[in-house]
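What the coordinates show
So the chains spell out like this:
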Amino acid sequence: MHINTKNLKAIQDLYPDELAHCYGCGKSNPDGFQLKTYLVGDETIAYFTPQPKYTALPGSVYGGLIASILDCHGTGSAAAFVCKNEHISLVDATTIPVRCVTALLKIDFKNPTPMGVELELKGKLRSIEGRKIWVDMTLTANGIICATGEILAIRLKD
Ligand SMILES: CCCCCCCCCCCCCCCC(=O)SCCNC(=O)CCNC(=O)[C@H](O)C(C)(C)COP(=O)(O)OP(=O)(O)OC[C@H]1O[C@@H](n2cnc3c(N)ncnc32)[C@H](O)[C@@H]1OP(=O)(O)O
């Protein structure tokens, strides 16, 4: 079921302008994917519909794109979970003081990801250990999990 995100703020839209050029999720990169990650309760969610140019085998999505959007959903999720853990409101904020980058990303490709349908990405917090944030992710199409991912995001120092 597609969650209505209309009244939610995407974590990537709360990155300050000078850090908003990421190819995968920067709001200021018109050529990028502009992935949006939302915190909904205890999990994060994002939706993405790949363009046909990101085809692998005919009818299925290129794995590099899958890794790319899970990468950005993972760091966005990590930032969102840190904010939640530290009671930093995403509702009232215009920017957030949390920056996370990917140290490690693992993707398991479970099933071919069909082209032409909306993909649903979910993230769940596994642990926060100091500056290390582990997030488990799934990528689902038509109700079938096509890929799972795990990410170790590192919270940057000031
Ligand atoms: C790129 C710069 C942008 C800056 C602006 C901010 C941007 C904010 C907006 C975000 C925009 C979207 C982002 C999209 C997602 C990307 O695509 S990010 C781009 C890809 N990632 C990178 O380029 C990161 C490159 N790596 C690095 O810069 C550094 O290695 C890191 C990850 C910052 C860590 O360096 P560090 O801060 O010196 O921390 P370090 O002490 O080495 O490690 C901390 C802990 O993590 C552990 N660790 C580190 N790496 C690993 C690993 N690979 N495996 C296991 N453990 C590890 C260490 O063992 C250590 O553990 P403890 O001893 O604390 O238990």
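Because the structure is a prediction, the values reported are computed rather than measured.

As a further point, take the site of the ligand. In the vicinity of the ligand there are 19 residues, among which Cys22, Arg99, Val101, Ala103 and Ile154 approach most closely. Residue assignment for the shell around the ligand shows that the elements contributing at least two residues are α1 (63–85), β3 (100–109) and β6 (144–155). Per-element tally for the shell around the ligand: the top contributor is β3, with 4 residues. In terms of residue class, the shell around the ligand is built from 11 nonpolar, 4 polar and 4 charged.

As a further point, take the pairing of strand β4 (residues 119–129). Looking at chain direction, strand β2 (residues 43–48) and β4 are connected through 6 bridges and run antiparallel. Of the residues in β4, the one forming a bridge with Phe48 is Leu119. Sheet analysis places β4 next to strand β5 (residues 132–141), joined by 10 bridges and oriented antiparallel. Its bridge partner being in β5, Ser127 is matched across the sheet by Trp134. If you look at the hairpin formed by β4 and β5, you'll find 2 residues sitting between the two strands, and Gly130 has a positive phi there, around 65°.

By way of backbone hydrogen bonds, the strands of a sheet pair with one another, either parallel or antiparallel. Reading across the sheet, the 6 strands line up as β1-β2-β4-β5-β6-β3 and stay open at both edges, with antiparallel pairing between neighbours. With one partner strand each, in any of the chains shown, β1 (38–40) and β3 form the two edges of the open sheet. Between one strand and the next, the sheet's axes are offset by a mean angle of 25°, whatever the strand orientation. As judged from the 3 bridges shared by β1 and β2, these two strands associate in the antiparallel manner. Bridging across to β2, Val40 finds its partner in Glu43. Running at roughly 130° to β3, α1 makes contact with β1, β2, β3, β4, β5 and β6 of the sheet.

Ile69, Ala78, Ala79, Leu121 and Leu139 are the most contacted members of the largest nonpolar core, which has 37 residues in total. Counting only elements with at least two residues in this core, the list comes to β1, β2, α1, β4, β5 and β6. Looking at this core element by element, the count peaks at 10 residues for α1.

For α1, spanning 23 residues, the distance from its first C-alpha to its last is 32 Å, which sits close to the expected 33 Å at 1.5 Å a residue. With 17 of its 23 residues buried, α1 lies for the most part within the structure. Note on α1: the residue one or two positions beyond its end, His87, has a positive phi of about 60°.

This next bit is on the UniProt feature "domain: Thioesterase" (unreviewed entry) in the protein chain. Under the present numbering, the feature "domain: Thioesterase" (unreviewed entry) in UniProt falls on residues 59–139. For residues 59–139, helix accounts for 28% and strand for 36%, while the C-alpha atoms at its two ends are 17 Å apart.

What follows deals with the environment of Thr49. Assignment of secondary structure puts Thr49 in the loop between β2 and α1. A count of 10 C-beta atoms within 10 Å places Thr49 in the exposed class. Along the backbone, Thr49 and Glu120 are 71 residues apart, and their C-alpha atoms lie at a distance of 8.9 Å. With residues near it in sequence (within four places) discarded, Thr49 still touches Glu118 and Leu119.

The rules we used
Residues numbered from 1 in each chain as written. Predicted model: local features only at pLDDT ≥ 70, side-chain atom pairs only at ≥ 80, totals over all residues. Near = placed C-beta within 6 Å. Helix = DSSP H or I, 4+ residues; strand = E, 2+ residues; numbered from the N terminus. Nonpolar A, V, L, I, M, F, W, Y, C, P; charged D, E, K, R; others polar. Pairing = 2+ DSSP bridges. Axes fitted to C-alpha atoms, helices over the stretch in contact; angles between N-to-C directions. Contact = placed C-beta atoms within 7 Å. Core = buried A, V, L, I, M, F, W, Y, C linked by C-beta atoms within 7 Å. Buried ≥ 20, exposed ≤ 12 C-beta atoms within 10 Å, placed from the backbone. Expected span 1.5 Å × (residues − 1). UniProt positions renumbered as here; feature names shortened; annotations may be inferred.

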